[in-house]
Amino acid sequence: MDIQNNGFLSIEQLTDRYLNNKKPVKESEAAGLSFQDILQQKRLLGAESLGELKFSRHASERLSSRSIELSEDQLKRLSDGARKAGQKGIRDSLVIVDELAFIVNVPNQTVVTAMDSTQTNENVFTNINGAVIM
């Protein structure tokens, strides 16, 4: 049975650590990765997902049914608005781009719903904790 690559310390490593008073073996070193390596990998994975807004099924249906088409400039400003909301600690944000309104779940980088100004009856938006006007 191979127990060397499962994240647990071997008997030899435990013996060295506790009985021979050698320098303790870190779990990340036992697996062959340093903490710095792991941190760098996590940062790279996080950087790949930054700035890319996703549209929920509901938001996609709203865009389609309301004949809303976003230009590249509008999409960039929507993404910038979500980024600014995240910098201010906003979780669920109203982002207004031109005459379009979007509700964005900032931690998930997901547009939850979309509408234009002619389709908001009372201009009341609920379940948000911040707004960004772009």
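Before any of the text, the structure's been laid out above.
Residues numbered from 1 in each chain as written. Predicted model: local features only at pLDDT ≥ 70, side-chain atom pairs only at ≥ 80, totals over all residues. Heavy atoms only, no water.

Asks: Looking at this model, I keep getting lost on the overall build of the protein chain. Mind explaining?
Replies: If you tally the helices and strands in the protein chain, you get five helices and five strands. Going from N to C terminus, the protein chain has its helices and strands arranged as α-α-α-β-α-α-β-β-β-β. Taken over 134 residues, the protein chain has a buried fraction of 29%. Here the contacts in the protein chain between residues at least 6 apart in sequence split such that 53% fall between residues at least 24 apart. Split by element, the accessible area of the protein chain, about 9600 Å² in all, is 51% carbon and sulfur. (Helix = DSSP H or I, 4+ residues; strand = E, 2+ residues; numbered from the N terminus. Buried < 20%, exposed > 50% of the residue type's maximum accessible area, 1.4 Å probe, protein only. Contact = heavy atoms within 4.5 Å. Areas by Shrake-Rupley, 256 points an atom, 1.4 Å probe, with all protein chains shown as cover.)

Asks: Teacher, can you tell me more about the nonpolar core here?
Replies: Grouped burial of nonpolar side chains is what soluble globular proteins tend to show. The biggest cluster of nonpolar side chains holds 17 residues, and the ones touching the most others in it are L53, L78, V95, F102, V104 and V111. Looking at this core, the elements that each hand over two or more residues are α4 (57-65), α5 (72-87), β2 (92-97), β3 (100-105) and β4 (110-116). Setting aside its immediate chain neighbours within four residues, F102 contacts L63, L70, L78, S93, L94, V95, V97, V111, T113 and A114. (Core = buried A, V, L, I, M, F, W, Y, C linked by side-chain atoms within 4.5 Å.)

Asks: When you look at α5 in this model, what are you seeing that I'm missing?
Replies: An α-helix turns once per 3.6 residues; consequently, residues spaced three or four apart project the same way. Along its 16 residues, α5 runs 23 Å from first to last C-alpha, staying within 8% of the 22 Å computed at 1.5 Å per residue. Burial in α5 covers these residues: Q74, R77, L78, S79, D80, G81, A82 and A85. Buried positions along α5 lie against β1 (54-55), β2, β3, β4 and β5 (130-133). (Expected span 1.5 Å × (residues − 1).)

Asks: So what exactly am I meant to see when it comes to the pattern of salt bridges here?
Replies: All told, the structure shown has three salt bridges when counted by the stated rule. As a salt-bridge pair, R77 and D73 come within 3.1 Å of each other at their nearest N and O atoms. Taken together, the positions of R77 and D73, both in helix α5 and four residues apart, correspond to about one turn of that helix. Note that D98 is salt-bridged to R77, the shortest N-O span being 2.7 Å. With D98 in the loop between β2 and β3 and R77 in helix α5, this pair connects stretches of sequence that are 21 residues apart. Given the relative accessible area of 42%, D98 is considered partly exposed. (Salt bridge = Lys/Arg side-chain N within 4 Å of Asp/Glu carboxyl O.)

Asks: Would you mind showing me how to read the environment of T126 here?
Replies: Looking at the secondary structure, you find T126 in the loop between β4 and β5. For T126, a relative accessible area of 55% puts it in the exposed group.

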